[in-house]
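# Residue-level structure breakdown
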Amino acid sequence: MIKDNVKRILNELPPHVSLVGAAKTRTPAEIQEAVAAGLKIIGENYVQEAEKAFQMVGTAAKWHMIGHLQSNKAKKTVPLFDMIETVDSLKLGRAIDKACQSLGKTMPILIEINSGEEMQKAGVMPDAAVSLIRELSELSFIRVMGLMTMGPYGDPEASRLYFQKTKKLFDTVKAMDLPRVEMRYLSMGMSDSYKIAVEEGANMVRIGTKLFGQR
Ligand SMILES: *Cc1c(COP(=O)(O)O)cnc(C)c1O
């Protein structure tokens, strides 16, 4: 079943859109099945789950951190992951940079935008994004490569506004042509909202339930 879901969604997505399989709570065998069906990127929320799945799947897919990350977890996160989609502070960026330096690795990162401007939510407020990106761009071992957003929880059609807002910010930063900043990826949309996100300019979608079934 996972196999069919992966194939169907890969077929359905326009070719410029990358599929991230959001794998939280899934077993390594389920993740392996998705990769065997053609999934190229696995999104993990927790380092420990990723480490377990990595033992089975290894480098057959790329690994993206999509969960909220505390700076003190950067050191454990960096060795395994190919991209961190959830950077929302200079403190976290510095911790990733430092961990990368000791491994001689450069980490592509996305900036998580709190597009709903919700107090309790992760992500940088849209107004503060440009100055954060400028600061992060000075760190040698990370590379800003785009934006990610979740949007407020609720009716998928209501997310459209937040996707539009994030796309606008993406275009603004891109047009600034900041040194060492490459605005290539816009990661938005989940199982119930990815079609809307793609309509609004996402080129990376993070899908869990529609690939792996209900959690
Ligand atoms: C779980 C998760 C998703 C996918 O959610 P579904 O509704 O299961 O598709 C996407 N992004 C993040 C950050 C997640 O934690």
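Residues numbered from 1 in each chain as written. Predicted model: local features only at pLDDT ≥ 70, side-chain atom pairs only at ≥ 80, totals over all residues. Heavy atoms only, no water.

## Brief notes about the site of the ligand
- Around the ligand, the surrounding shell consists of A22, K24, N45, I66, M150, M190, S191, R206, I207, G208, T209 and R215.
- Separating an oxygen atom of the ligand from a side-chain N or O atom of K24 is a distance of 2.8 Å.
- With respect to the ligand, the side chain of N45 contributes an N or O atom lying 2.9 Å from an oxygen atom.
- Across the complex, the protein chains shield 91% of the 380 Å² of accessible surface that the ligand would expose by itself.
- Counted by class, the shell around the ligand contains five nonpolar, four polar and three charged residues. (Near = heavy atom within 4 Å. Polar contact = N/O pair within 3.5 Å; in protein donor to acceptor, adjacent residues only side chain to side chain. Areas by Shrake-Rupley, 256 points an atom, 1.4 Å probe, with all protein chains shown as cover. Nonpolar A, V, L, I, M, F, W, Y, C, P; charged D, E, K, R; others polar.)

## Let's talk about the packing of helix α1 (residues 2-12) against helix α2 (residues 28-36)
- One way to put it is that α1 packs onto α2 with a least axis distance of 8 Å and a crossing angle of 40 degrees. For the element pair α1 / α2, the angle class is oblique. The way α1 lies across α2 gives a crossing that is right-handed. Only E30, E33 and A34 of α2 make contact with α1, whose side of the interface consists of I2, K3 and V6.
- The class makeup of the residues in the contact of α1 with α2 is three nonpolar, no polar and three charged. (Axes fitted to C-alpha atoms, helices over the stretch in contact; angles between N-to-C directions. Helix = DSSP H or I, 4+ residues; strand = E, 2+ residues; numbered from the N terminus. Parallel < 35°, antiparallel > 145°, perpendicular 65-115°, else oblique. Left-handed = near helix turned anticlockwise from the far one by under 90°. Contact = heavy atoms within 4.5 Å.)

## Some words on the pattern of salt bridges
- Under the criterion given, the structure shown has seven salt bridges.
- Here K167 makes a salt bridge to D171, at a shortest N to O gap of 2.8 Å. Taken together, the positions of K167 and D171, both in helix α7 (residues 156-176) and four residues apart, correspond to about one turn of that helix.
- According to the relative accessible area criterion, K167 is partly exposed, its value standing at 24%. (Salt bridge = Lys/Arg side-chain N within 4 Å of Asp/Glu carboxyl O. Buried < 20%, exposed > 50% of the residue type's maximum accessible area, 1.4 Å probe, protein only.)

## Some words on the packing of α2 against helix α3 (residues 47-57)
- Two elements in contact, α2 and α3, have axes whose closest approach is 9 Å; the angle formed by their N-to-C orientations is 50 degrees. By the criterion of interaxial angle, the relationship of α2 to α3 is oblique. Two packed elements cross with a definite hand, and for α2 against α3 that hand is right-handed. In contact with P28, A29, I31, Q32 and V35 of α2, α3 contributes K52, A53, M56 and V57.

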